[in-house]
Amino acid sequence: MAASPQIASLLGRRGRLELDDLLAALVVDGYLLADDAKQVRMGARAGRSMVELHPLVLIANAKLTNQHGTGRPLSLEILTEWLAGHAGLPYLKIDPMKINVASVTQSVSHAYAKRHRILPIAVAPGEVTFATCEPFDAGWAPDLAQMLRRDIKRVVASPVDINRYLQEFYGVQRSIQLAQDAKTGSDSSAAILNFEQLVELGKSGEVGADDRHVVHIVDWLLQYAFEQRASDIHLEPRRDTGHIRFRIDGIMQKVFELPAPVMTAVTARIKILARMDVAEKRRPQDGRIKTRSASGREVELRISNMPTAFGEKVVMRIFDPDLVVKDFAQLGFSPSESANWRSMVERPHGIVLVTGPTGSGKTTTLYSTLKHLATPELNVCTVEDPIEMVSPEFNQMQVHAAIDLDFAAGVRTLLRQDPDIIMVGEIRDLETAQMAVQASLTGHLVLSTLHTNDAPSAVTRLLDLGVPHYLIQSTLTGVVAQRLVRTLCPHCKRATTQDPQAWIVLTHGWTIPVPEQVFEPVGCLECRNTGFMGRTGIYEMMKLSPRLRGLISAQLDLSGFGQAALSEGMRPLRISAADQVAAGLTTVQEILTVLPPIDAFDDAKP
């Protein structure tokens, strides 16, 4: 947007922005009608007793129609971008994951930043960048440049974001500093004393005054992860500092660093919340935390820790019920795949297996299916290691190896509990496989997982475990192999043409026409400039027909069996993936990163 000298002069005549000047400038620029501006002005005067808000926020809160033809209300982002244009400064949507909080908060004090409505966002050797919502009030910049002995670069950002992150960044950094002061002493005895206090806290479940800073850090960390759509939080101790990383859409991203003593205290706090033994630092432990997100939804976290060279590493897997349990369309099933899946799992008995590597979405598929199947007329039981997400519709049992409660013993117990549907977390050994087969033979539907690359390989895995081929013939209903792929950001994806050579690589001999139009990633504020937002599933569904059952033998030829499955209607993962590309949901390049190696039976043509 080209800056108008007249409007810039109007906005900047008083230094700090005034509501009347902003409204007049927006009317001149054609963003607002004069009557709308008058309405906002009258409303602001009527609400003088309310908390003083930035004038941009007052205008945005009125939700007035943007007269520049978009038909959408004038949002705070549109207004801030417009203001930046007239100030002749870059506009920035603040991404907290790209800010080194420890570094920027050391550049100026919280009081100074708050007084001038500025937020430090980047520190370089010769330059410090500040976000401001008062672009015409720059008297602080020369003074600060002299104090810091660095150039000052200004960008314009939303006043709401600046206010929020001012509180969060400085609040968290202050907690880290106070926690570090509390956890470190002049000699080793002080550290031992604090550690003993933490152990006592773990026993009593209470937090003393000295630990409120650690509580603040952990609370902020969890809410931050929920906001950023993280699926996992990794706390990784190192020699001098601890690294915090989030897994977002399957990709690990470093988000924060903590001093080593604070990382130790944060780890202890998490162990207390997860009801783990704080004193035990030599053995791995598991636990769980149930909390609420900022929107009030209940969220479960599964906690796992292990000893490393520099302390305990903690991984928190986040299970948001709204994200974990989905209907079949949200899982990425096409209409035909959905019908196929229903025909397998809505039978009264049989074994249905979901296969794929760790992190391929097997848990989400199984939980969503159980939610679909669970009715008041059915008894749904699970045996898991560990219980991924507690659900009121199921009867869930956790494996405990220490008391010889393994999967096989769990299934054996469940068979005496009058179940209709049994979900076994994973078939790992012959005994578990035999119990699953027995459950199926006695009239139960059994759902479970295996780790194989594709659907036909699940049959050979069962044979390798030692399950007789005739029992597999009698009980196995179907197998689904799956992967998760990142989906394109709907806000910024751009139409393009598909490279025919890449399409040939993806479809691998299958005669599927190249789509006329596909989409490519671009990157925007919503997707943090990655071009991708969220993930969806691709599936290979093998339903056992009478012909396939007849082919199962003790010396099964996997290649011939796979080709027979294709001729019976099974569509390989890569063809399910090609449908997602043609539908504009993802890209060929993204698909190729998750597909398994090409097997001999993939050469079979449909």
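- The name recorded for the protein chain in an unreviewed UniProt entry is Type II secretion system protein E, from Rhodanobacter panaciterrae.
- Check the Sequence similarities (unreviewed entry) section of the UniProt entry for the protein chain; it says "Belongs to the GSP E family."

### Observations regarding the overall build of the protein chain
No. 1: From N to C terminus, the protein chain includes 25 helices and 18 strands.
No. 2: Here the protein chain holds 606 residues, and the buried ones make up 49% of them.
No. 3: Nonlocal contacts in the protein chain, meaning residues at least 24 apart in sequence, comprise 65% of its contacts between residues at least 6 apart.
No. 4: When the accessible surface of the protein chain is summed, it comes to about 28000 Å², and 51% of that surface belongs to carbon and sulfur atoms.

### Here's the deal with the sheet that holds strand E3 (residues 151-156)
No. 1: Read from one edge of the open sheet, three strands run E1-E2-E3, paired in mixed fashion. Where the open sheet ends on each side, the last strands, each with one partner, are strand E1 (118-124) and E3. On average, each strand axis in the sheet is inclined to that of its neighbour by 25°, with strand direction left out of account.
No. 2: Pairing of E1 with strand E2 (residues 127-132), which is carried by six bridges, proceeds in the antiparallel orientation. When the bridges of E2 are listed, isoleucine 118 appears paired with threonine 132.
No. 3: Contacting E1, E2 and E3, helix H8 (residues 140-148) runs over the sheet at an angle of about 140° to E3.

### What to know about the UniProt feature "domain: Bacterial type II secretion system protein E" (unreviewed entry) in the protein chain
No. 1: Summarizing the sequence annotation, UniProt attributes the feature "domain: Bacterial type II secretion system protein E" (unreviewed entry) to residues 415-429 in the numbering used throughout.
No. 2: Span residues 415-429 is 0% helix and 27% strand, its end C-alpha atoms 18 Å apart.

### Observations concerning helix H23 (residues 558-567)
No. 1: Listed in full, the buried residues belonging to H23 are Phe561, Gly562, Ala564, Ala565 and Leu566.
No. 2: Where the residues of H23 are buried, they touch helix H19 (457-465), strand E18 (532-543) and helix H22 (546-551).
No. 3: Trailing H23 by a residue or two, glycine 569 shows a phi angle of about 115°, which is positive.

### Details of the packing of helix H11 (residues 212-227) against helix H12 (residues 260-273)
A packed helix pair is summarised by two numbers, namely the angle formed by the two axes and the spacing between the axes.
No. 1: Running from N to C, H11 and H12 point in directions that differ by 75°, and their axes come no closer than 9 Å. With respect to H12, the axis of H11 lies roughly perpendicular. Contacts from Val214, Val215, Ile217 and Val218 of H11 reach H12 at Val262, Ala265, Val266, Arg269, Ile270 and Leu273.
No. 2: Residues of the contact of H11 with H12, tallied by class, amount to nine nonpolar, no polar and one charged.

### As for the side chain of threonine 132
No. 1: Structurally, threonine 132 can be placed in strand E2.
No. 2: On the basis of relative accessibility, which here comes to 0%, the residue threonine 132 falls in the buried class.
No. 3: Beyond its immediate sequence surroundings of up to four residues, threonine 132 is in contact with Arg117, Ile118, Val155, Val156, Ala157 and Ile162.

### A word on the sheet that holds strand E10 (residues 350-355)
No. 1: The sheet built from seven strands is open, its strands ordered E12-E11-E13-E14-E10-E15-E18 with mixed pairing. Looking along the sheet, the strands with just one partner apiece sit at the ends: strand E12 (395-398) and E18. The sheet shows a mean angle of 20° between the axes of neighbouring strands, taken without regard to direction.
No. 2: Two elements, E10 and strand E15 (residues 476-488), share five bridges in a ladder whose sense is parallel. Looking at the pairing, isoleucine 351 lines up with leucine 476 of E15.
No. 3: Against the sheet, helix H15 (residues 335-345) makes contact with E10, strand E14 (445-450), E15 and E18, and its axis sits at roughly 55° relative to E18, the strand it touches most.
No. 4: Across the sheet, helix H16 (residues 362-373) lies against E10, strand E11 (380-384), E12, strand E13 (421-424), E14, E15 and E18, angled at about 170° from E14, the strand it touches most.

Parameters and conventions
Residues numbered from 1 in each chain as written. Predicted model: local features only at pLDDT ≥ 70, side-chain atom pairs only at ≥ 80, totals over all residues. Heavy atoms only, no water. UniProt positions renumbered as here; feature names shortened; annotations may be inferred. Helix = DSSP H or I, 4+ residues; strand = E, 2+ residues; numbered from the N terminus. Buried < 20%, exposed > 50% of the residue type's maximum accessible area, 1.4 Å probe, protein only. Contact = heavy atoms within 4.5 Å. Areas by Shrake-Rupley, 256 points an atom, 1.4 Å probe, with all protein chains shown as cover. Pairing = 2+ DSSP bridges. Axes fitted to C-alpha atoms, helices over the stretch in contact; angles between N-to-C directions. Parallel < 35°, antiparallel > 145°, perpendicular 65-115°, else oblique. Nonpolar A, V, L, I, M, F, W, Y, C, P; charged D, E, K, R; others polar.

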